[in-house]
Amino acid sequence: MEPMDIVGKSKEDASLPKATMTKIIKEMLPPDVRVARDAQDLLIECCVEFINLVSSESNEVCSREDKRTIAPEHVLKALQVLGFGEYIEDVYTAYEQHKLETMHDSLKGAKWSNGAAMTEEEAAAAQQRMFDEARARMNGGSSAPKQPETDQSLES
């Protein structure tokens, strides 16, 4: 009998898009570093396992609160419980950025747009800073994260 780790799916059915994952892996490494296909597959499997672990713990947190829908705060609590507390601030920042982008995308076609806290340029700059900081952390802190640039529109 096949193990059923995910509701309604066998463990073999749960995966992430290889092309996307390969792109992410390559972007995080220096250009002269090559990654063997077996290593890429192993990294993808680790990501799947991590997602399963965080999802399962998020569900437990949600259940303890007698809720039926996993909310972002349940995921953040799960990360804390699982010992990934040092990443909570970065995860929350990424979540806030995602909300801004989603809000911006949903308002793009609308006749009115007054809810964005950042301009598209500010959001792009903030996102690039976050990518640079993440890349620096992944490279063992070998390069310091860029300092925020002063916004010229605020000075005039």
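Position numbers for residues count from 1 along each chain, tracking the sequence in the order it is written. Per-residue local features are limited, in this predicted model, to residues with pLDDT of at least 70; the limit for side-chain atom pairs, both in listing and counting, is 80 or more; totals at the level of whole chains, interfaces and linings are taken over all residues. To obtain the side-chain values, all non-hydrogen atoms of the structure were included, while hydrogens and water were left out.

> What am I meant to see in the overall build of the protein chain here?
When its secondary structure is counted, the protein chain shows six helices and zero strands. A helix here means a DSSP run of H or I that spans at least four residues, while a strand means a run of E at least two residues long, and both kinds are numbered starting from the N terminus. Ordered by position from N to C terminus, the α and β elements of the protein chain give α-α-α-α-α-α. Throughout this description, buried means an accessible area under 20% of the type-specific maximum (1.4 Å probe, protein chains only), exposed means over 50%, and partly exposed covers the range between. Buried positions account for 17% of the 156 residues belonging to the protein chain. Within the protein chain, contacts between residues separated by at least 24 positions form 35% of all contacts whose residues are at least 6 apart in sequence. Counting only carbon and sulfur atoms, one obtains 56% of the accessible surface of the protein chain, whose full area is about 12,100 Å². Contacts: residue pairs with any heavy atoms within 4.5 Å of one another. Under the convention used here, a 1.4 Å probe and the Shrake-Rupley method define accessible areas, while residue burial counts only the protein chains that appear.

> How do you make sense of a nonpolar patch on the surface when you look at a structure like this?
Only residues whose relative accessible area exceeds 30% and that take part in no salt bridge are eligible for patches, with like-charged residues grouped when within 9 Å of each other and nonpolar side chains (Val, Leu, Ile, Met, Phe, Trp, Tyr) grouped when within 5 Å. When a carboxyl oxygen of Asp or Glu is within 4 Å of a side-chain nitrogen of Lys or Arg, the pair counts as a salt bridge. Residues Phe50, Ile51 and Leu53 make up a contiguous nonpolar surface patch of roughly 250 Å² in combined accessible area. Among the secondary structure elements, Phe50 is positioned in helix 2 (residues 37–64).

> In this structure, what is going on with the side chain of Gln40? I would like to understand it.
Structurally, the position occupied by Gln40 is in helix 2. Apart from the residues within four sequence positions on either side, Gln40 is in contact with Thr22, Ile25, Lys26 and Val35.

> How should the environment of Lys26 be read in this particular structure?
For Lys26, the location among the structural elements is in helix 1 (residues 18–28). By relative accessible area, which is 56% here, Lys26 ends up exposed. Note: C-alpha distance between Lys26 and Gln40 (14 residues apart in sequence) is 9.7 Å.

> Where do I start with the environment of Phe131 in this structure?
Within the secondary structure layout, Phe131 lies in helix 5 (residues 120–138). In the structure, Phe131 is positioned 37 residues away from Ala94 in sequence and 10.0 Å away in space, judged by C-alpha atoms.

> How should I be thinking about the packing of aromatic side chains in this particular structure?
For any pair of aromatic rings, the description rests on two quantities: the centre-to-centre distance and the angle between the ring planes. When the centres of two rings from Phe, Tyr and Trp lie within 6.5 Å, Trp using its six-membered ring, the rings pair. Their planes under 30 degrees apart give stacked, over 60 give edge-to-face, and anything left gives tilted. What the rule picks out here adds up to three aromatic pairs. Ring geometry for Phe50 and Phe84: centres 5.2 Å apart, planes at 85°, overall edge-to-face. Here Phe50, found in helix 2, pairs with Phe84, found in the loop between helix 3 (72–81) and helix 4 (88–108); they are 34 residues apart in sequence, far enough to count as distant. Phe50 gets classed as partly exposed once you look at its relative accessible area, which sits at 37%.

> Would you explain unusual backbone geometry in this entry?
A negative phi angle characterises most non-glycine residues, just as the trans form characterises most peptide bonds. Located in the positive-phi region is Asp66, a residue other than glycine, with phi close to 55°. Along the chain, the position of Asp66 falls in the loop between helix 2 and helix 3. For Asp66, a relative accessible area of 70% corresponds to the exposed category.

> Help me understand the pattern of salt bridges in this model?
A pair can form between side chains of opposite charge whenever their charged atoms are brought close. By the definition in use, this model includes six salt bridges. Residues Glu27 and Lys23 are paired through a salt bridge, measuring 3.9 Å at the closest nitrogen-oxygen approach. Here Glu27 and its partner Lys23 are both found in helix 1, four residues apart, which amounts to about one turn of the helix. By relative accessible area, Glu27 is classed as partly exposed at 42%. By relative accessible area, Lys23 is classed as exposed at 54%. Measuring nitrogen to oxygen at the nearest pair gives 3.4 Å for the salt bridge that ties Asp132 to Arg135. Remark: Arg135 and Asp132 occur in helix 5; sequence separation between them is three residues, near one turn of the helix.

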